[in-house]
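# Results of the structural survey
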Amino acid sequence: MSDRDPREGQFGLPPLPDEDRRDEQEAVGVASFLLSLRSRGIRDTALLRAMELVPRDVFAPRRFSDLSRTDVSLPLPCGQTMTAPRTVAAMLVELGVREGQRILEVGTGTGYVSALLARLGAEVHSVERFNTLAESAGQHLKIVEARGVRIEVGDGLAPRPRERFDRILLNGAAASIPPAVTSLLAPGGRLVGALAVEGAPRLVRIERLEDGELRQELGIGLRISPLVSGVAQTL
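These remarks concern the structure in this document. All values derive from a computational prediction rather than experimental measurement.

## Description of the overall build of the chain
- Regarding its fold elements, the chain presents seven helices and nine strands.
- Split into buried and exposed, the 235 residues of the chain put 43% on the buried side.
- Counting only contacts in the chain whose residues sit at least 6 apart along the sequence, the fraction spanning at least 24 positions is 50%.
- Per element, the accessible surface of the chain, about 12900 Å² overall, is 50% carbon and sulfur.

Dropping the structure here:
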(Lines give C-alpha, C1' and ligand atoms only; values in the text may rest on other atoms or scores of the structure.)
Protein backbone atom coordinates (compact mmCIF):
# COMPACT_ATOMS: atom_id res chain seq x y z
CA MET A 1 0.00 0.00 0.00
CA SER A 2 1.46 3.34 -1.02
CA ASP A 3 2.06 5.99 1.60
CA ARG A 4 2.16 8.75 -1.05
CA ASP A 5 -0.13 11.66 -0.31
CA PRO A 6 -3.03 11.33 -2.83
CA ARG A 7 -3.04 15.11 -3.23
CA GLU A 8 0.41 14.98 -4.81
CA GLY A 9 0.79 15.16 -8.56
CA GLN A 10 2.62 12.72 -10.78
CA PHE A 11 6.18 11.73 -9.81
CA GLY A 12 5.55 12.88 -6.24
CA LEU A 13 5.42 16.56 -7.22
CA PRO A 14 2.88 18.80 -5.52
CA PRO A 15 -0.28 19.38 -7.60
CA LEU A 16 -0.88 22.67 -9.31
CA PRO A 17 -2.91 25.21 -7.33
CA ASP A 18 -6.49 25.51 -8.56
CA GLU A 19 -5.83 28.90 -10.15
CA ASP A 20 -2.79 27.63 -12.06
CA ARG A 21 -4.75 24.58 -13.17
CA ARG A 22 -7.53 26.78 -14.51
CA ASP A 23 -4.98 28.93 -16.34
CA GLU A 24 -3.43 25.84 -17.90
CA GLN A 25 -6.82 24.52 -18.99
CA GLU A 26 -7.70 27.91 -20.46
CA ALA A 27 -4.42 28.01 -22.40
CA VAL A 28 -5.07 24.54 -23.79
CA GLY A 29 -8.60 25.55 -24.75
CA VAL A 30 -7.41 28.69 -26.55
CA ALA A 31 -4.71 26.75 -28.42
CA SER A 32 -7.25 24.14 -29.53
CA PHE A 33 -9.65 26.90 -30.61
CA LEU A 34 -7.00 28.58 -32.78
CA LEU A 35 -5.84 25.30 -34.29
CA SER A 36 -9.42 24.48 -35.27
CA LEU A 37 -9.66 27.83 -37.09
CA ARG A 38 -6.34 27.26 -38.87
CA SER A 39 -7.49 23.81 -39.96
CA ARG A 40 -10.50 25.48 -41.58
CA GLY A 41 -8.31 27.76 -43.67
CA ILE A 42 -8.06 30.85 -41.43
CA ARG A 43 -4.39 31.88 -41.69
CA ASP A 44 -4.46 35.65 -41.14
CA THR A 45 -2.03 36.07 -38.25
CA ALA A 46 -3.36 39.44 -37.06
CA LEU A 47 -6.90 38.08 -36.95
CA LEU A 48 -5.87 34.87 -35.18
CA ARG A 49 -3.98 36.97 -32.63
CA ALA A 50 -7.09 39.10 -32.07
CA MET A 51 -9.22 35.97 -31.62
CA GLU A 52 -6.66 34.67 -29.14
CA LEU A 53 -6.69 37.86 -27.07
CA VAL A 54 -10.44 38.60 -27.09
CA PRO A 55 -12.09 36.02 -24.77
CA ARG A 56 -15.29 34.83 -26.47
CA ASP A 57 -16.53 33.41 -23.15
CA VAL A 58 -16.98 36.97 -21.84
CA PHE A 59 -19.47 37.63 -24.64
CA ALA A 60 -21.21 34.26 -24.74
CA PRO A 61 -24.38 33.65 -22.69
CA ARG A 62 -23.31 32.36 -19.29
CA ARG A 63 -25.13 29.05 -19.65
CA PHE A 64 -23.13 28.33 -22.81
CA SER A 65 -19.73 29.53 -21.60
CA ASP A 66 -18.32 26.01 -21.86
CA LEU A 67 -19.00 26.17 -25.62
CA SER A 68 -17.47 29.60 -26.14
CA ARG A 69 -14.20 28.24 -27.56
CA THR A 70 -15.89 25.85 -29.96
CA ASP A 71 -16.90 26.56 -33.54
CA VAL A 72 -20.65 26.75 -32.94
CA SER A 73 -23.24 29.51 -33.00
CA LEU A 74 -24.99 30.23 -29.70
CA PRO A 75 -28.54 31.42 -28.96
CA LEU A 76 -28.94 34.96 -27.62
CA PRO A 77 -31.81 36.94 -26.10
CA CYS A 78 -34.27 38.65 -28.46
CA GLY A 79 -34.28 35.58 -30.72
CA GLN A 80 -30.81 36.40 -32.05
CA THR A 81 -27.72 34.24 -32.55
CA MET A 82 -24.03 34.62 -31.73
CA THR A 83 -22.33 33.70 -35.01
CA ALA A 84 -19.89 30.78 -35.04
CA PRO A 85 -16.19 31.81 -34.93
CA ARG A 86 -15.35 30.30 -38.33
CA THR A 87 -18.02 32.45 -40.02
CA VAL A 88 -16.85 35.55 -38.14
CA ALA A 89 -13.26 34.86 -39.16
CA ALA A 90 -14.16 34.29 -42.82
CA MET A 91 -16.00 37.62 -42.95
CA LEU A 92 -13.21 39.53 -41.23
CA VAL A 93 -10.58 38.08 -43.56
CA GLU A 94 -12.61 39.41 -46.50
CA LEU A 95 -13.13 42.75 -44.77
CA GLY A 96 -9.36 43.31 -44.68
CA VAL A 97 -9.28 45.67 -41.70
CA ARG A 98 -6.37 48.07 -41.40
CA GLU A 99 -5.38 50.10 -38.38
CA GLY A 100 -7.13 53.45 -38.08
CA GLN A 101 -9.99 52.67 -40.47
CA ARG A 102 -13.55 53.79 -39.74
CA ILE A 103 -15.89 50.82 -39.70
CA LEU A 104 -19.67 50.68 -39.64
CA GLU A 105 -20.87 47.43 -38.08
CA VAL A 106 -24.54 46.56 -38.56
CA GLY A 107 -25.73 44.18 -35.85
CA THR A 108 -23.70 44.53 -32.65
CA GLY A 109 -25.05 41.37 -31.01
CA THR A 110 -22.90 40.51 -28.01
CA GLY A 111 -20.14 42.95 -29.00
CA TYR A 112 -17.66 40.14 -29.72
CA VAL A 113 -17.04 41.13 -33.33
CA SER A 114 -16.83 44.80 -32.29
CA ALA A 115 -14.06 43.84 -29.85
CA LEU A 116 -12.18 41.94 -32.57
CA LEU A 117 -12.40 44.94 -34.90
CA ALA A 118 -11.12 47.23 -32.14
CA ARG A 119 -8.27 44.80 -31.42
CA LEU A 120 -7.34 45.03 -35.11
CA GLY A 121 -6.98 48.78 -34.67
CA ALA A 122 -10.23 50.03 -36.17
CA GLU A 123 -12.54 52.81 -35.04
CA VAL A 124 -15.91 51.07 -34.80
CA HIS A 125 -19.40 52.55 -35.04
CA SER A 126 -21.72 49.63 -34.25
CA VAL A 127 -25.51 49.77 -34.67
CA GLU A 128 -27.88 47.36 -32.89
CA ARG A 129 -31.66 47.28 -33.30
CA PHE A 130 -32.28 45.70 -29.87
CA ASN A 131 -31.68 47.93 -26.85
CA THR A 132 -31.26 44.84 -24.62
CA LEU A 133 -28.37 43.53 -26.71
CA ALA A 134 -26.78 46.96 -27.08
CA GLU A 135 -26.66 47.48 -23.31
CA SER A 136 -25.23 44.01 -22.73
CA ALA A 137 -22.63 44.50 -25.47
CA GLY A 138 -21.49 47.75 -23.87
CA GLN A 139 -20.89 45.94 -20.58
CA HIS A 140 -18.94 43.17 -22.33
CA LEU A 141 -16.73 45.68 -24.10
CA LYS A 142 -15.92 47.40 -20.82
CA ILE A 143 -14.86 44.08 -19.29
CA VAL A 144 -12.34 43.41 -22.06
CA GLU A 145 -11.33 47.09 -22.15
CA ALA A 146 -12.09 47.44 -25.86
CA ARG A 147 -11.46 51.00 -26.95
CA GLY A 148 -12.61 52.80 -30.04
CA VAL A 149 -16.10 51.26 -30.15
CA ARG A 150 -19.29 53.34 -30.17
CA ILE A 151 -22.63 51.53 -29.95
CA GLU A 152 -25.85 53.05 -31.21
CA VAL A 153 -29.38 51.68 -30.90
CA GLY A 154 -30.97 52.13 -34.30
CA ASP A 155 -31.49 50.82 -37.80
CA GLY A 156 -28.11 50.03 -39.30
CA LEU A 157 -29.61 49.82 -42.79
CA ALA A 158 -31.08 53.32 -42.70
CA PRO A 159 -29.59 56.24 -44.68
CA ARG A 160 -26.83 58.27 -42.97
CA PRO A 161 -26.35 61.54 -44.84
CA ARG A 162 -22.78 62.79 -45.14
CA GLU A 163 -21.26 59.77 -43.37
CA ARG A 164 -18.54 57.71 -45.03
CA PHE A 165 -16.77 54.58 -43.85
CA ASP A 166 -13.67 52.69 -44.98
CA ARG A 167 -15.29 49.35 -44.17
CA ILE A 168 -18.86 48.17 -43.54
CA LEU A 169 -19.64 44.82 -41.92
CA LEU A 170 -23.15 43.39 -42.06
CA ASN A 171 -23.55 40.71 -39.38
CA GLY A 172 -26.35 38.88 -41.12
CA ALA A 173 -27.84 37.82 -44.44
CA ALA A 174 -29.92 40.21 -46.53
CA ALA A 175 -32.06 39.62 -49.60
CA SER A 176 -30.25 42.57 -51.18
CA ILE A 177 -27.83 45.25 -50.07
CA PRO A 178 -29.67 48.60 -49.83
CA PRO A 179 -28.18 51.49 -51.83
CA ALA A 180 -28.49 53.54 -48.61
CA VAL A 181 -25.76 51.29 -47.17
CA THR A 182 -23.43 51.05 -50.16
CA SER A 183 -23.61 54.86 -50.50
CA LEU A 184 -21.74 55.06 -47.20
CA LEU A 185 -18.61 53.48 -48.67
CA ALA A 186 -15.73 55.86 -49.15
CA PRO A 187 -13.67 55.55 -52.37
CA GLY A 188 -11.60 52.40 -52.02
CA GLY A 189 -13.96 51.18 -49.29
CA ARG A 190 -15.30 47.68 -48.85
CA LEU A 191 -18.51 46.11 -47.55
CA VAL A 192 -18.73 42.49 -46.40
CA GLY A 193 -21.88 40.65 -45.42
CA ALA A 194 -24.06 37.80 -46.59
CA LEU A 195 -26.51 37.73 -49.46
CA ALA A 196 -29.39 35.27 -49.64
CA VAL A 197 -28.94 33.47 -52.97
CA GLU A 198 -31.60 30.87 -53.81
CA GLY A 199 -32.50 30.69 -50.14
CA ALA A 200 -28.95 30.11 -48.87
CA PRO A 201 -26.65 32.84 -47.47
CA ARG A 202 -23.41 33.43 -49.33
CA LEU A 203 -20.61 35.79 -48.44
CA VAL A 204 -20.72 39.00 -50.45
CA ARG A 205 -18.00 41.60 -50.90
CA ILE A 206 -18.76 44.98 -52.44
CA GLU A 207 -15.98 47.45 -53.19
CA ARG A 208 -16.22 51.07 -54.21
CA LEU A 209 -13.60 51.71 -56.85
CA GLU A 210 -11.69 54.96 -57.02
CA ASP A 211 -13.92 56.11 -59.88
CA GLY A 212 -17.00 55.63 -57.68
CA GLU A 213 -18.28 52.46 -59.35
CA LEU A 214 -19.25 49.44 -57.24
CA ARG A 215 -17.90 45.94 -57.80
CA GLN A 216 -19.66 42.95 -56.20
CA GLU A 217 -18.33 39.43 -55.71
CA LEU A 218 -20.02 36.39 -54.17
CA GLY A 219 -18.04 33.99 -52.04
CA ILE A 220 -18.52 30.89 -49.93
CA GLY A 221 -21.74 29.78 -48.30
CA LEU A 222 -22.20 30.95 -44.73
CA ARG A 223 -24.25 29.89 -41.74
CA ILE A 224 -25.58 33.22 -40.51
CA SER A 225 -28.88 34.65 -39.33
CA PRO A 226 -31.05 36.99 -41.43
CA LEU A 227 -30.42 40.72 -41.17
CA VAL A 228 -33.54 42.67 -40.22
CA SER A 229 -34.13 46.38 -40.77
CA GLY A 230 -35.85 48.74 -38.36
CA VAL A 231 -35.57 49.23 -34.60
CA ALA A 232 -37.12 46.77 -32.16
CA GLN A 233 -40.04 48.38 -30.32
CA THR A 234 -40.06 46.32 -27.13
CA LEU A 235 -36.68 44.68 -26.43
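Further notes follow.
## Topic: the side chain of serine 114
- Along the chain, the position of serine 114 falls in helix α5 (residues 112–119).
- Overall, serine 114 belongs to the buried group, its relative accessible area being 0%.
- Polar side-chain contacts of serine 114 include one of 2.5 Å to the side chain of glutamate 105.

## What to know about the environment of glycine 121
- For glycine 121, the position within the fold is in the loop between α5 and β4 (123–128).
- Separated by 27 residues in sequence, glycine 121 and glycine 148 have C-alpha atoms that sit 8.3 Å apart.
- Here glycine 121 is in contact with Arg98, Glu99, Gly100 and Gln101, once residues within four sequence places are set aside.

## Let's talk about the sheet that holds β4
- Taken together, seven strands build an open sheet; the order of strands is β5-β4-β3-β6-β7-β8-β9 and the sheet is mixed. Edge positions in the sheet fall to β5 (149–153) and β9 (214–221), since each of these pairs with one other strand and no more. Across the sheet, the mean angle from the axis of one strand to that of its neighbour is 15°, orientation sign disregarded.
- Taken together, the four bridges between strand β3 (residues 102–106) and strand β6 (residues 165–174) define a ladder with parallel strand orientation. Following the sheet pairing, valine 106 is matched in β6 by leucine 170.
- Across the sheet, helix α6 (residues 131–143) is in contact with β4 and β5; its angle to β5 comes to roughly 165°.

## Brief notes about empty space enclosed by the protein
- Counted under the stated rule, the structure contains one cavity of 30 Å³ or more.
- Within this model, the largest cavity holds a volume of roughly 460 Å³.
- Along the walls of the largest cavity sit 32 residues, with Gln80, Gly107, Gly109, Glu128 and Asn171 positioned nearest its centre.
- Among the secondary structure elements, those contributing two or more residues to the lining of the largest cavity are β2 (81–82), β3, α5, β4 and β6.
- Here the lining of the largest cavity is built from residues that sort into 14 nonpolar, 14 polar and four charged.

How each quantity is defined
- Residues numbered from 1 in each chain as written.
- Predicted model: local features only at pLDDT ≥ 70, side-chain atom pairs only at ≥ 80, totals over all residues.
- Heavy atoms only, no water.
- Helix = DSSP H or I, 4+ residues; strand = E, 2+ residues; numbered from the N terminus.
- Buried < 20%, exposed > 50% of the residue type's maximum accessible area, 1.4 Å probe, protein only.
- Contact = heavy atoms within 4.5 Å.
- Areas by Shrake-Rupley, 256 points an atom, 1.4 Å probe, with all protein chains shown as cover.
- Polar contact = N/O pair within 3.5 Å; in protein donor to acceptor, adjacent residues only side chain to side chain.
- Pairing = 2+ DSSP bridges.
- Axes fitted to C-alpha atoms, helices over the stretch in contact; angles between N-to-C directions.
- 1 Å grid on protein atoms, 1.4 Å probe; cavity = no way out; pocket = protein on both sides within 12 Å on 5 of 7 lines; lining within 4 Å.
- Points joined across faces, edges and corners; volume = space filled by probe spheres on them.
- Nonpolar A, V, L, I, M, F, W, Y, C, P; charged D, E, K, R; others polar.

The values reported here are purely geometric and, on their own, carry no functional implication.
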